[in-house]
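Reading the structure
Spelled out, the chains give:
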Amino acid sequence: MTASTLPLDVAHIRADFPILQREVHPGVPLVYLDSTATSQKPRQVIEVMDVFYRRANANIHRGIHALAEEATAAYEDARAKIARFIGAASPREIVYTRNTTESINLVAYTWARRNLQEGDVILLTEMEHHSNLIPWQILAAEKGLRLEFIPVTEEALLDLEAYHRLLERHRPKLVSFTHMSNVLGTINPAKEIIAAAHAVGAVTLVDGAQSVPHLPVDVGELQADFLAFSAHKMCGPTGVGALYGRMELLEAMPPFLGGGEMIKKVELRSFRTNEVPHKFEAGTPAIAEAVGFGVAVDYLASLGMEAVAAHEREIIAYALERLEEVPGLKVFGPSAEHKGAVASFTFQGIHPHDIAYELDREGIAVRAGHHCAMPLHNKFHIPATTRASFYIYNTREEVDKLVETLYKVKELYG
Ligand code: C6P
């Protein structure tokens, strides 16, 4: 299959991403296989942010002048687009944050700190990114909470039987899990996990950092209580992310950070909080970035998330097939049908940093290391992996280039 017969019109998409036209070294074009770390940005996003600063820049929710009103409208329109993109009932259920990490911390420092008591259990999984682990470790130490973990099987899937047993045994107050692993690519059955958690009265938080950019995600369909995600992994800018929260929960939560915008009334020794979502948005936010986030969501919606997911299924199936041909290379993660477009691998004892260095010499950008998931690497008894990840603009030809270059690396280090 060539680029043009893939479920997306990849040639057309690639033309929207200026960075993909550049050479990384003289005469060496970029092959960007690191979208799990951050995606590239289409010109539509870059341009809207440029236009914002050229024409509409002002602080929001504060001024009465024309620019302030335009900036506020653009910021709030973007919130409405993000809400529609994930099927939220109202834009008010979208809280702007800096990123997924801050979204999860917001829940830890407000909802969880208010509602969890000593001895309560938070159920996580063994495949969490540090962002969905450390906030809970910090809170557990502060409040005497217990952390339990859904095990990962040898096939790199969550052990759902163990999950049901853990729910019965521990009756957790919160189940917080990654929808898609940034290392294994495992796509977890979020709807089933959430339904079972709700059956024992637990609140659920979905780490959507890797799912929202790559799969159709609808919070109504999932019945998620909280969903955290970042703009920069889904064609948007860095510095802005979102927390979706069910309105009833957001209404009852105390504020996160204190300062301007999150208040309705202030006296010297007291304050009254603003309405949701402003209650959680203290200080001047990343305004141009939020506007860029809205356009990123438009961009993905115009492609269609079903088509995005279908494209990635094609690419990862092809990548797995090609990588498995390479002697001495071992890809971690489940079989293609359970997997997003992420291939983390070890390669016959060659250090992942050496592999990444050699790939870079050929213009191929991958990530090497523990990918902020040290416990998961420990589970598989490896310190690090090399990770190639794919998105809407990647082609089979780029997979071929990766594989060819890996053969060269093997010759060099083998
Ligand atoms: N993973 C990676 O290279 P932030 O940094 O807050 O936007 O996203 C954090 C995060 C949370 N959960 C998952 C599953 C993630 O993959 C990430 C970010 C990047 O794998 C950067 S460490």
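Below: a short report on this structure. (Residues numbered from 1 in each chain as written. Predicted model: local features only at pLDDT ≥ 70, side-chain atom pairs only at ≥ 80, totals over all residues. Heavy atoms only, no water.)

**Remarks on the packing of helix H2 (residues 43-56) against helix H10 (residues 287-303)**
- Where H2 contacts H10, the axes come no closer than 8 Å and their chain directions differ by 150°. Considering their axes alone, H2 and H10 lie roughly antiparallel with respect to each other. For the crossing formed where H2 meets H10, the hand is right-handed. Of H10, the residues touching H2 (which contributes Gln 44, Val 45, Val 48, Met 49, Phe 52 and Tyr 53) are Ile 287, Ala 288, Glu 289, Val 291, Gly 292, Val 295, Ala 296 and Tyr 299.
- For the contact of H2 with H10, a count of residues per class yields eleven nonpolar, two polar and one charged. (Axes fitted to C-alpha atoms, helices over the stretch in contact; angles between N-to-C directions. Helix = DSSP H or I, 4+ residues; strand = E, 2+ residues; numbered from the N terminus. Parallel < 35°, antiparallel > 145°, perpendicular 65-115°, else oblique. Left-handed = near helix turned anticlockwise from the far one by under 90°. Contact = heavy atoms within 4.5 Å. Nonpolar A, V, L, I, M, F, W, Y, C, P; charged D, E, K, R; others polar.)

**Focus on the site of the ligand**
- The full set close to the ligand counts 18 residues, and Thr 101, Asp 207, Gln 210, Ser 230 and Arg 367 are the nearest of them.
- Here an oxygen atom of the ligand and a side-chain polar atom of Thr 101 are 2.5 Å apart.
- Residue Asn 182 places a side-chain N or O atom 2.8 Å away from an oxygen atom belonging to the ligand.
- Protein chains shield 90% of the accessible area of the ligand, which is 510 Å² for the free molecule.
- If you count residues domain by domain, the shell around the ligand takes at least three from each of domain 1 (3-41 + 305-413) and domain 2 (47-302). (Near = heavy atom within 4 Å. Polar contact = N/O pair within 3.5 Å; in protein donor to acceptor, adjacent residues only side chain to side chain. Areas by Shrake-Rupley, 256 points an atom, 1.4 Å probe, with all protein chains shown as cover. Domains from an automatic or database assignment.)

**Topic: the sheet that holds strand E8 (residues 203-207)**
- Across the sheet, which stays open at both edges, the seven strands sit in the order E4-E10-E9-E8-E7-E5-E6 with mixed pairing between neighbours. Strands at the two margins of the open sheet, each flanked by one partner only, are strand E4 (94-97) and strand E6 (146-150). The mean angle between the axes of side-by-side strands here comes to 20°, regardless of whether they run parallel or antiparallel.
- Examined bridge by bridge, strand E7 (residues 174-178) and E8 share five bridges and lie parallel to one another. Among the inter-strand pairings, Thr 178 is bridged to a residue of E8, identified as Asp 207.
- Contacts between helix H6 (residues 160-170) and the sheet are confined to strand E5 (121-125), E6 and E7, with E6 contributing the most and set at about 160° to the helix. (Pairing = 2+ DSSP bridges.)

**A look at H10**
- Along its 17 residues, H10 runs 25 Å from first to last C-alpha, staying within 8% of the 24 Å computed at 1.5 Å per residue.
- Most of H10 sits out of view: 13 of its 17 residues are buried.
- Backbone geometry just after H10 places Gly 304 at a positive phi near 90°. (Expected span 1.5 Å × (residues − 1). Buried < 20%, exposed > 50% of the residue type's maximum accessible area, 1.4 Å probe, protein only.)

These results come straight from atomic positions and should not be treated as a statement about function.
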